[in-house]
Amino acid sequence: MKLIDRLSEIVGVAHVVTGGGPEGPAPWEQDWRGRSKGRALAMVRPGSTAEVADVVKLCAAEKVSIVPQGGNTGLVDGSIPDTSGTQVVMNLGRLKAVRSIDRKNMTITVEAGCILQSLHEVVEDAGFLFPLSLAAKGSCTIGGNLATNAGGTQVVRYGNARSLCLGLEVVTASGEIWSALSGLRKDNTGYDLRDLFIGSEGTLGIITAATMQLYPRAASQLTAWAALPSIHAALELLERARRVLSASLTGFELMGRFPVSMVRQHLSDLRMPALSTDDPYFVLIECSDAESESHARSLVEGLLSDAIESGEVSDAVVAESLSQVRDLWEVRESIPLAAYKEGLMAAHDISLPIASIPQFVDVTESRLLEAFPGVRISNFGHLGDGNLHYNVHAPSGESAAEFLRRYEEQIRQIVYDSVHQFAGSFSAEHGIGRLKLHWMDSYKSSVELNMMRSIKKALDPSSLMNPGCVVGGG
Ligand SMILES: Cc1cc2nc3c(=O)[nH]c(=O)nc-3n(C[C@H](O)[C@H](O)[C@H](O)COP(=O)(O)OP(=O)(O)OC[C@H]3O[C@@H](n4cnc5c(N)ncnc54)[C@H](O)[C@@H]3O)c2cc1C
């Protein structure tokens, strides 16, 4: 019997789909930006952990490799098949049940295909907070968030997906089910296998469920938008905000003038803050206060007026209503979409020791402008975590596609060499996937790479789990 028929026997005919034809790839065969396209043997949608295990066993027996897929919002081509037409994409979207909420332990156990926004809604209805938040929340899944160790906008206070995860259920590369969903906060009984699967981008096994940590909801959440004269000032303001707001500081997002102007131009329906637009940088500050709205307001207003007095901030607004809070966040979260509308770019998701960011920005900008006069740099990101989305657009009036075809690799080399010089990371939160694999040899030590390859070999000896990603082996 053909593999597709045997897959259909496991998950049902309706849940095995073949890819695009001559008219082009299916949506699940291409990445979110529409830049990379693959071709799969089939896409399979199991409806339970047992079905995931049976599909993996069948594929292992037939030596067919599997590409796990959640919401397909990943930005490094890890969730789409290669172009061989031989891989099976396993979409986890049908595994979306909330299995339980444990109010005493403050945890939720949820299946991997649950959309992040749906998880937020369930958690909010239960009176808790689940703090992982990113602009792709309406499509990305908790399994994908864990497989990429996603960050987002509240890492400054709550950490990334890894720090929020207390347990996993995983189908291993041989099709066994490993369940460790007890939600223990302390368990030092050997190597931490959970941490191996988090951030492994589907190369070691398939995450089918997770137990995630919940937090109490804040009594009040206040958002402010500030205009700043320089990136140096942004760092001063961050230091001040940490001191004044302490654990109430739950967001500190940086936006350069260019990314904000792209939002204004391409998404003109959005309400922009009524502030001067001449300053080179803007910061969005979020304060989540356990006491009250008036307490939060006095803290944030005090912080901003001191910062204005000392010259760190040129002007600022504090949101007066929930709808203003949403408007401010929408501007920040719409930057990727506005950039997408602007045209192709060389995107870099980098992290740096926070103190070195101003120097990194000065040095890298002058290197880029010297090599490619007129390039436009869109610098924004999670400054509180030292994470910048440092994207380079073609000079105005030039064809972005042609410019990138010629210079993208050189641009990346300049940016990543600079990141390396300042002891940063060339992938802060998006992962490696296929897109960044060739940079691993340049910037990771051979000791690290050898340990990673040994782990891959031990857990997936036939290299059938998302081969070609993270450690290669396609
Ligand atoms: C507009 C936009 C904004 C974004 N903002 C952020 C941000 O602020 N922070 C951030 O960290 N990322 C961000 N991302 C990237 C992306 O949303 C995250 O990487 C997200 O965590 C991916 O989730 P997903 O369900 O879409 O996974 P997918 O894209 O489907 O998969 C991502 C990787 O995980 C693997 N995978 C997926 N599900 C599983 C599973 N169940 N088991 C094993 N492996 C699996 C895939 O094989 C692939 O390698 C953004 C993306 C977009 C489009």
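Residues numbered from 1 in each chain as written. Predicted model: local features only at pLDDT ≥ 70, side-chain atom pairs only at ≥ 80, totals over all residues. Heavy atoms only, no water.

- In the annotation of an unreviewed UniProt entry, the protein is listed under the name FAD-dependent oxidoreductase Fox and assigned to Variovorax paradoxus.
- UniProt, in the comment section headed Sequence similarities (unreviewed entry), describes the protein in these words: "Belongs to the FAD-binding oxidoreductase/transferase type 4 family."
- UniProt annotates the protein under Cofactor (unreviewed entry) with the comment "FAD". (UniProt positions renumbered as here; feature names shortened; annotations may be inferred.)

Focus on the nonpolar core
Next, step 1: Core analysis: the largest hydrophobic core is formed by 57 residues, its most contacted members being Leu 228, Phe 252, Ile 285, Phe 360 and Leu 388.
Next, step 2: Sort the elements by how many residues they give to this core and helix H8 (residues 231-245) lands first, with 8 residues.
Next, step 3: Lining this core are residues from two domains, each supplying at least three of them: domain 3 (220-336) and domain 4 (343-421).
Next, step 4: With residues near it in sequence (within four places) discarded, Phe 252 still touches Val 156, Ala 234, Leu 237, Leu 238, Ala 241, Val 283, Leu 284, Ile 285, Gly 381, His 382, Leu 383 and Gly 384.
Next, step 5: With 32 residues, the next largest nonpolar core counts Val 110, Val 123, Leu 132 and Ala 161 among its residues. (Core = buried A, V, L, I, M, F, W, Y, C linked by side-chain atoms within 4.5 Å. Buried < 20%, exposed > 50% of the residue type's maximum accessible area, 1.4 Å probe, protein only. Helix = DSSP H or I, 4+ residues; strand = E, 2+ residues; numbered from the N terminus. Domains from an automatic or database assignment. Contact = heavy atoms within 4.5 Å.)

Description of a nonpolar patch on the surface
Next, step 1: There is a patch of nonpolar side chains on the surface, built from Trp 32, Leu 337 and Tyr 340 and spanning about 300 Å² of accessible area.
Next, step 2: Position of Tyr 340 relative to the elements: it lies in helix H12 (residues 335-342). (Patch = residues over 30% accessible without salt bridge, like charges linked within 9 Å, V, L, I, M, F, W, Y side chains within 5 Å. Areas by Shrake-Rupley, 256 points an atom, 1.4 Å probe, with all protein chains shown as cover. Salt bridge = Lys/Arg side-chain N within 4 Å of Asp/Glu carboxyl O.)

Let's talk about the pattern of salt bridges
Next, step 1: Taken as a whole, this structure holds 19 salt bridges when the rule is applied.
Next, step 2: Notably, a salt bridge pairs Lys 137 with Glu 333, separated by 3.3 Å at the nearest N-O pair. Separated by 196 residues along the polypeptide, Lys 137 in the loop between strand S7 (128-129) and helix H4 (142-147) and Glu 333 in helix H11 (residues 322-333) bring together distant segments of the chain.
Next, step 3: Across the pair Arg 412 and Glu 408 runs a salt bridge, and its minimum N-O distance is 2.6 Å.

Quick notes on the state of the cysteines
Next, step 1: Applying the stated criterion across every chain yields a total of 0 disulfides.
Next, step 2: You can see Cys 140 has no disulfide; the closest cysteine sulfur is in Cys 114, sitting 10 Å from it. (Disulfide = S-S within 2.5 Å.)

Quick notes on the packing of helix H1 (residues 3-11) against helix H2 (residues 49-62)
Next, step 1: H2 packs onto H1 with a crossing angle of 160° between their chain directions and a minimal axis gap of 9 Å. Judged by the angle between their axes, H1 and H2 are roughly antiparallel. Note that H1 runs across H2; the crossing there is right-handed. Touching Leu 3, Arg 6, Leu 7, Ile 10 and Val 11 of H1 are Glu 51, Asp 54, Val 55, Leu 58 and Glu 62, all from H2. (Axes fitted to C-alpha atoms, helices over the stretch in contact; angles between N-to-C directions. Parallel < 35°, antiparallel > 145°, perpendicular 65-115°, else oblique. Left-handed = near helix turned anticlockwise from the far one by under 90°.)

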